[in-house]
Amino acid sequence: MSRRLIILAVAAALVAVLAEAALAVNVRVRVEGKTTTIFGAAEPTLATGSSALDALDTASTKGEFYYHVRNFSFGSFVDQIGRYPAAGSDGWAFKVNGVSPQLGADKVLLKAGDVVLWYWTTFSQSGGSPTLVLRRQAKRNCYAALSQNDKGTTTPAAGATLQVGARRVRTRAGRACVGKHQGLVRAVLSGAVRSNALP
């Protein structure tokens, strides 16, 4: 191969890499499984492609977990993440910034700073399971747990418990102070998807 062809090939490869990097979107990603967090309890920022499905793909590469997609006329449907395939009213759903889109994951376009949550849920007539969101409060070591429906509406997660390592702290109207601690804090509530983790 001539020197000129080698230079052109290297230049073309560099342009392709730069174009891919230019299309990347920095979003925060978390994947909550049926029994445990599969990826990103603290919602790390990933440079991913432009769709919610791309975010799952990037997370699966980083976290080394399996997922499977079925394609339908309305778009792509994720029918398995990790060990659990969708069956009956149980399956996989996703939210972007707390809202469950009514489109296939490959059709939902992301913008920088979005938060993408993939999670195992039991579907009912009212939608999927509520997802928990944990927020820091102004007072040190105090947190608020919120329950979020498919439309992104939040209410205090009454009855939620905060997990701090092996310790459990009951909330009052979704709020509690955990005192001095090491590690991450999460909110859990029966029938809801566990929350993000905060220090």
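Scroll up to find the structure.
Structure report, in brief.

### Some thoughts on the pattern of salt bridges
And then number 1: Evaluation of the coordinates by the stated rule reveals eight salt bridges.
And then number 2: As a salt-bridge pair, arginine 30 and glutamate 43 come within 3.2 Å of each other at their nearest N and O atoms. Of this pair, arginine 30 sits in strand β1 (residues 25-32) while glutamate 43 sits in the loop between β2 (37-39) and β3 (45-48); the two residues are 13 residues apart in sequence, bridging distant segments of the chain.
And then number 3: For glutamate 43, a relative accessible area of 9% translates into the label buried.
And then number 4: The partner of aspartate 106 in a salt bridge is lysine 107, and the shortest N-O contact between them spans 3.5 Å.
And then number 5: By relative accessible area, which is 27% here, aspartate 106 ends up partly exposed.
And then number 6: Residue class for lysine 107 comes out partly exposed when judged on its relative accessible area of 46%.
And then number 7: What you see here is one network of salt bridges that share partners, running through Arg28, Arg30, Glu32, Glu43, Arg186 and Arg194.

### What to know about the state of the cysteines
Here a disulfide denotes a covalent bond joining the sulfur atom of one cysteine to the sulfur atom of another.
And then number 1: Evaluated as defined, the whole model comprises one disulfide.
And then number 2: Two residues share a disulfide in this structure: cysteine 142 and cysteine 177, whose sulfurs sit 1.8 Å from each other. In this structure the cystine formed by cysteine 142 and cysteine 177 twists about its S-S bond by roughly 100 degrees; its chirality is therefore right-handed. Of the two residues, cysteine 142 is situated in strand β10 (residues 142-148) and cysteine 177 in strand β14 (residues 175-177); the sequence distance between them amounts to 35 residues.
And then number 3: Among the residues examined, cysteine 142 registers a relative accessible area of 6% and is labelled buried.
And then number 4: Using a relative accessible area of 43% as the deciding quantity, one classes cysteine 177 as partly exposed.

### Considering the sheet that holds strand β5 (residues 75-81)
Within a sheet, adjacent strands bond to each other through the backbone by hydrogen bonds, running parallel or antiparallel.
And then number 1: Taken in spatial order, the three strands of this open sheet run β4-β5-β6, and their pairing is antiparallel. Since the sheet does not close on itself, it has two edges, and those belong to β4 (67-72) and β6 (84-85), each with one partner.
And then number 2: Of the pairings in the sheet, the one linking β4 to β5 comprises six bridges and is antiparallel in character. Across the sheet, the residue bridging to histidine 68 is glutamine 80, located in β5.
And then number 3: Where helix α2 (residues 52-63) meets the sheet, its contacts fall on β4 and β5, and the angle it forms with β4 comes to roughly 160 degrees.

Rules used in this analysis
Residues numbered from 1 in each chain as written. Predicted model: local features only at pLDDT ≥ 70, side-chain atom pairs only at ≥ 80, totals over all residues. Heavy atoms only, no water. Salt bridge = Lys/Arg side-chain N within 4 Å of Asp/Glu carboxyl O. Helix = DSSP H or I, 4+ residues; strand = E, 2+ residues; numbered from the N terminus. Buried < 20%, exposed > 50% of the residue type's maximum accessible area, 1.4 Å probe, protein only. Disulfide = S-S within 2.5 Å. Pairing = 2+ DSSP bridges. Contact = heavy atoms within 4.5 Å. Axes fitted to C-alpha atoms, helices over the stretch in contact; angles between N-to-C directions.

So far we have only geometry, and geometry alone does not tell us how the molecule works.
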